[in-house]
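Here's the letter readout for the chains.
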Protein chains: 4
Amino acid sequence: MINFHVDRSSSVPAYAQLVRQVREALRIGTLRPGDQLPTVRSVVTSCTVNPTTVLKAYRELELSGLVEARQGAGTFVSGTLGHADPHVMARLRGSLARWLGQAREAGLEDEDVQALLASVIGENAALRNKEGAA
Amino acid sequence: MINFHVDRSSSVPAYAQLVRQVREALRIGTLRPGDQLPTVRSVVTSCTVNPTTVLKAYRELELSGLVEARQGAGTFVSGTLGHADPHVMARLRGSLARWLGQAREAGLEDEDVQALLASVIGENAALRNKEGAA
Amino acid sequence: MINFHVDRSSSVPAYAQLVRQVREALRIGTLRPGDQLPTVRSVVTSCTVNPTTVLKAYRELELSGLVEARQGAGTFVSGTLGHADPHVMARLRGSLARWLGQAREAGLEDEDVQALLASVIGENAALRNKEGAA
Amino acid sequence: MINFHVDRSSSVPAYAQLVRQVREALRIGTLRPGDQLPTVRSVVTSCTVNPTTVLKAYRELELSGLVEARQGAGTFVSGTLGHADPHVMARLRGSLARWLGQAREAGLEDEDVQALLASVIGENAALRNKEGAA
DNA sequence: GTGGTCTAGACCACG
DNA sequence: GTGGTCTAGACCACG
């Protein structure tokens, strides 16, 4: 079962952090259709947030068709995100982990690594736009 | 000069997006001490945000010692973030770009890629915590 | 609870006056960790300022670690300033009050008294600098 | 001749800092009618401010009748503030300096001392208001 | 022309 | 009800 964590000092709203964590888990396959999400009550105690915050996150996930609340039973994953082959995913994950190891050895911090990926993705998008226009 | 963009549909507040973009540019070396940030008014027109939103972002950067506002003159980078050797940074960027190429070929979307990195970073941190405790 | 007052004719910005009053209250022990600050809305009505002005003050105090805003709950003192023994503080306060009485009898106004203290502090600092250099 | 200093990190505008310093010097007798203020040019270089900032301060002092600009000659003190006997003033200054010595020994910082005076003055004012009303 | 303060007021996040 | 973000826009401080 997914293990939520909420960073109160972040400028991202708490409910959005929960939504993002579910989406990420769906992307990397940690969460699959049929899996149960933590109960609202358990998130309230583990993350010290208000029930309405959790409800807002779950409602947003439900509206995008990713989860389904079953009265009295709990909230369950009902959709998927990303469709890559799990084996390919595992391979890519491995090579990315190796890359991260090198980055760490070179002294890069988490924020450096994230900035680098953001930059490479952005550059990539710019390139494709150009090609698309050409 | 850095080129801001604000995604209004994001749950990340506009001012926080600006802050993050400056921090990322400092991380990857696109922005260096002495460089001028866009004037408040230019960001207002280019990103169609309110002056106070830009000022809030610039003020937060100033309080963390990264930029310096000189009244009547502009806002200038005055600090650094991340201290990796630019050559090493360039090499790592290159290998990450190649990895991204493979990921794209395998059908991964931006959100997949970001989720993967977040997951690998998290796993890595957990490992190091364990080692630290041992 | 601290009672703010804002002097609109002062050249000190309203938000800075609020910040200063909190800092002074922390110094003299009127405000202690755990105490709640007035709600943003109550300051708005009592001092007839704008919510953003109060928020700016509270945010600055929060960034310097002196208070903590809990959304939906209020803003609370979370830090301290000055560490003098309350008893010593009370004694010094008493002798200063007596001194002020004499000053008033001699016809000194508030501004005279403040100027005198500023001057004595400055002289004192100059002396210590000299000693430090010697 | 008065020696200006401008704290750029203060929230008090630069021009207001200059005005305040002249007023304080008049209060404590450091500056007397007939004394010359520094030339605009010299303040510009010593405090690295813009000529217009100095001019604004001098103009404000002139409007309140405290100084007089003589074309081609300079700016001169033409008024007074506070009317205490210099000998009394010197005596009060001495006792305040002794009090400050005790405060310093007790570990109080500048900000503590200023907060204490502000508090004692405020209390005093409250008392007099009550008496006035009675 | 550049940054900074502030108002009046809408609307959101959270408890 | 509490803090937080944001807009539209006036006006000030400074170079």
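This is a predicted model, so every value here is computed, not measured. (Residues numbered from 1 in each chain as written. Chains lettered and ligands numbered in written order. Predicted model: local features only at pLDDT ≥ 70, side-chain atom pairs only at ≥ 80, totals over all residues. Heavy atoms only, no water.)

Below, the discussion takes up the relation of the copies chain B and chain A. Superposition record for chain B on chain A: RMSD 0.3 Å, screw rotation 180°, translation along axis 0.1 Å. Taken together, these values place the two copies in the relation of a two-fold axis. Across chain B, the smallest distance between a C-alpha and the rotation axis is recorded for Val12(B), namely 2.7 Å. A shared binding surface is used by both copies, with 100% of the interface residues of chain B retained as interface residues in chain A. (Least-squares fit on C-alpha atoms with pLDDT ≥ 70 in both. Contact = heavy atoms within 4.5 Å.)

It is worth spelling out the domain arrangement of chain A at this point. Many analyses report the size of an interface as the accessible area lost when the parts associate. Here chain A is described as being made up of domain 1 (14-77) and domain 2 (86-132). Relative to domain 2 of chain A, the C-alpha centre of domain 1 of chain A lies at a distance of 28 Å. (Domains from an automatic or database assignment.)

This next bit is on the relation of the copies chain C and chain B. Screw-axis analysis of chain C against chain B gives a translation of 0.0 Å along the axis, an RMSD of 0.0 Å, and a rotation angle of 180°. By residue overlap, the copies meet face to face through one surface: 100% of the interface positions of chain C are interface positions in chain B.

Within this numbering scheme, the UniProt entry marks residues 18-77 of chain A as carrying the feature "domain: HTH gntR-type" (unreviewed entry). Across residues 18-77 of chain A one finds 53% helix and 13% strand; the C-alpha atoms that close the span lie 14 Å apart. (UniProt positions renumbered as here; feature names shortened; annotations may be inferred. Helix = DSSP H or I, 4+ residues; strand = E, 2+ residues; numbered from the N terminus.)

Bringing the interface of chain C and chain B into the picture now. Contact residues are listed per partner, giving five residues for chain C and five residues for chain B. Summed over both partners, the interface of chain C with chain B buries about 360 Å², with 47% contributed by carbon and sulfur atoms. Three residues stand out in chain C for area buried against chain B, namely Lys56(C), Arg59(C) and Leu63(C), and they jointly supply 79% of the buried area on that side. In this assembly, chain C and chain B are joined by two salt bridges. Put simply, Arg59(B) and Glu60(C) hold a salt bridge, and the shortest N to O gap is 2.8 Å. Applying the counting rule to chain C against chain B returns two residue pairs in polar contact (both at pLDDT 80 or more). (Buried area = accessible area lost by both parts, 1.4 Å probe. Salt bridge = Lys/Arg side-chain N within 4 Å of Asp/Glu carboxyl O. Polar contact = N/O pair within 3.5 Å; in protein donor to acceptor, adjacent residues only side chain to side chain.)

When C-alpha atoms are compared, chain A and chain C, though not in contact, are closest at a spacing of 10 Å. These two, chain B and chain D, are apart from each other, with no contact and a minimum C-alpha gap of 10 Å.

Once that is clear, we can look at the protein's contact with DNA strand E. Around DNA strand E sit 33 residues in total, of which Ala14(A), Lys56(A), Ala14(C), Asn50(C) and Lys56(C) are the nearest. Near the protein, meaning within 4 Å, the atoms of DNA strand E are sugar or phosphate in a fraction of 68%, with bases accounting for the rest. Residue Lys56(A) places a side-chain N or O atom 2.3 Å away from a phosphate oxygen belonging to DNA strand E. Here the surface near DNA strand E takes four residues from helix H3 (residues 51-63) of chain B, the largest share from any one element. Considering only residue class, the surface near DNA strand E consists of eleven nonpolar, 15 polar and seven charged. (Near = heavy atom within 4 Å. Nonpolar A, V, L, I, M, F, W, Y, C, P; charged D, E, K, R; others polar.)

All names here are of chain D. Where strand S1 (residues 67-70) lies against strand S2 (residues 74-77), four bridges are found, and the strand directions are antiparallel. When the sheet's bridge partners are listed, glutamate 68 is paired in S2 with phenylalanine 76. Hairpin connection from S1 to S2: three residues lie between these consecutive antiparallel strands, with glycine 72 at a positive phi of about 80°. (Pairing = 2+ DSSP bridges.)

Facing 42 residues of chain B, the contacting portion of chain A comprises 44 residues. Taken together, the two surfaces of chain B and chain A that pack against each other cover about 4,100 Å², and 64% of this comes from carbon and sulfur. The tally of links between chain B and chain A comes to ten salt bridges. Our count for the contact surface shared by chain B and chain A stands at 18 residue pairs in polar contact (both at pLDDT 80 or more). Mapped by element, the contributors of at least two residues to the side of chain B that touches chain A are helix H1 (14-28), helix H4 (86-105) and helix H5 (110-133) of chain B. In terms of residues, the side of chain B that touches chain A owes the most to one element, H5(B), which gives 15 residues. Of the residues assigned to the side of chain B that touches chain A, the class counts are 23 nonpolar, seven polar and twelve charged.

We now examine the layout of surface pockets. Left-over empty space is what a probe sized like a water molecule reveals as it rolls over the atoms. Residues and elements named next belong to chain D. Reported here for the second largest pocket is a volume of approximately 350 Å³. If you list the elements that add at least two residues to the lining of the second largest pocket, you get helix H2 (40-47), helix H3 (51-63), S1 and S2. Ranked by residues supplied to the lining of the second largest pocket, first place goes to H3 with four residues. Across the lining of the second largest pocket, the residue classes break down as six nonpolar, five polar and four charged. (1 Å grid on protein atoms, 1.4 Å probe; cavity = no way out; pocket = protein on both sides within 12 Å on 5 of 7 lines; lining within 4 Å. Points joined across faces, edges and corners; volume = space filled by probe spheres on them.)

This next bit is on the environment of Leu96(B). Mapped onto the secondary structure, Leu96(B) falls in helix H4. Separated by 72 residues in the primary sequence, Leu96(B) and Glu24(B) place their C-alpha atoms 16 Å from one another. Each residue touching Leu96(B), except ones within four places of it in the same chain, is listed here: Leu96(A), Trp99(A), Leu116(A), Leu117(A) and Val120(A).

What follows concerns the packing of helix H1 (residues 14-28) of chain C against helix H5 (residues 110-133) of chain D. The N-to-C vectors of H1(C) and H5(D) enclose an angle of 100°; their axes lie 9 Å apart at closest approach. Taken together, the axis directions place H1(C) and H5(D) in an arrangement best described as roughly perpendicular. Touching Arg23(C), Glu24(C), Arg27(C) and Ile28(C) of H1(C) are Glu111(D), Asp112(D), Ala115(D), Leu116(D), Ala118(D) and Ser119(D), all from H5(D). Here the residues of the contact of H1(C) with H5(D) sort into four nonpolar, one polar and five charged. (Axes fitted to C-alpha atoms, helices over the stretch in contact; angles between N-to-C directions. Parallel < 35°, antiparallel > 145°, perpendicular 65-115°, else oblique.)

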